[in-house]
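Letter by letter, the chains look like this.
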Amino acid sequence: MQGWSLIQVWALLSISLSCQSLTDPNWGPIDSRPLPEWFDRAKFGVFIHWGVFSVPSYGSEWFWYYWQKQKLTPYVEFMDKNYPPGFSYADFAPMFTAEFFDAVQWADLLNDSGAKYVVLTTKHHEGKC
């Protein structure tokens, strides 16, 4: 593995597996934090959206919203065809095992891409970590 140390890979995995909520739901404390010094120089980073919505692998990270909030026909029909009645979004959570996840492979790919930072979105608009 070139460029990324095992500590950086571990940090990447640790961040992806942690999920903390804000104790103060106001934007003030968030907006008052300065950008890290390196951020403007980095130029290129990767944001990864990988979560419970990856289990059905249908649509995008907006799966829950389109299925539950907007009740879009293709999403409702997908669920009716592939899952039993009463199946909920939360029922996908135990199926999110990441059994094929390989941190070294990801780190190599991200390093080869030229990314200077990586952000794993561990909690999306559906509220599941």
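Structure: see above.
Right, let's walk through the structure included here. (Residues numbered from 1 in each chain as written. Predicted model: local features only at pLDDT ≥ 70, side-chain atom pairs only at ≥ 80, totals over all residues. Heavy atoms only, no water.)

## Thoughts on the overall build of the protein chain
The criterion, for reference: Helix and strand definitions follow DSSP, with helices as H or I runs of at least four residues and strands as E runs of at least two, each counted in order from the N terminus. Per-residue accessibility, obtained with a 1.4 Å probe over protein chains only, is compared with the maximum for each type, and a residue is labelled buried under 20%, exposed over 50%, and partly exposed between these values. Whether two residues touch is decided by their heavy atoms; if any such pair falls within 4.5 Å, the residues are in contact.
Each helix and strand in the protein chain was counted, giving 6 helices and 2 strands. Helices and strands appear in the protein chain in the N-to-C order α-α-α-β-α-α-α-β. Expressed as a percentage of the 129 residues in the protein chain, the buried residues total 25%. Considering only contacts in the protein chain between residues 6 or more positions apart, those separated by 24 or more positions represent 72%.

## Some words on the nonpolar core
What counts here: Residue types Ala, Val, Leu, Ile, Met, Phe, Trp, Tyr and Cys, when buried and joined through side-chain atoms within 4.5 Å, form a set referred to as a nonpolar core.
Counting 12 residues, the largest nonpolar core is built from Val 52, Phe 53, Phe 63, Trp 64, Trp 67, Tyr 75, Phe 78, Met 79, Tyr 83, Phe 87, Tyr 89 and Phe 92. Discounting residues that sit within four places of it in the chain, Phe 78 has contacts with Pro 56, Tyr 58, Phe 63 and Tyr 83. Listed in part, the 6 residues of the second largest apolar core include Ile 48, Leu 110, Ala 115 and Leu 120.

## Some details on the pattern of salt bridges
This is how the line gets drawn: When a carboxyl oxygen of Asp or Glu lies within 4 Å of a side-chain nitrogen of Lys or Arg, that pair is called a salt bridge.
Considering all chains together, one arrives at 1 salt bridge under this definition. Arg 41 is paired through a salt bridge with Glu 37; the nearest N and O atoms lie 3.9 Å apart. Residue classification places Arg 41 among the exposed positions, given a relative accessible area of 55%.

## Some remarks on helix α6 (residues 103-113)
As a reminder of what qualifies: Throughout, the arc means that of the directions going from the helix axis to the C-beta atoms.
Of the positions making up α6, those classed as buried are Ala 103, Ala 107 and Leu 110. Across the axial projection of α6, the buried residues extend over an arc of 70°, all falling on one side. Of the exposed residues in α6, those oriented more than 90 degrees away from the buried face are Leu 109 and Asp 112. The positive-phi residue at the C-terminal boundary of α6 is Gly 114, with phi of around 90°.

## Observations regarding helix α5 (residues 73-82)
Residues of α5 that are buried: Tyr 75, Phe 78 and Met 79. Along the axis of α5, the buried positions cluster into a sector of 95°, meaning they face one direction only. Facing away from the buried side of α5, by more than 90 degrees, are the exposed residues Asp 80 and Lys 81.

## Quick look at the pairing of strand β1 (residues 45-49)
Here is the rule we go by: Only strands that DSSP links by at least two bridges are regarded as paired with each other.
Burial along β1 is one-sided: Val 46 and Ile 48 are buried, and none of Gly 45, Phe 47 and His 49, which face the opposite way, are. Note that β1 and strand β2 (residues 117-121) share 5 bridges and pair parallel. Paired with Val 46 across the bridge in β2 is Val 118.

## Remarks on the side chain of Thr 121
Tracing the backbone shows Thr 121 in strand β2. A residue is classified by how much of its surface remains accessible, and Thr 121, at 18% relative accessible area, is buried. Setting aside its immediate chain neighbours within four residues, Thr 121 contacts Ile 48, His 49 and Trp 50.

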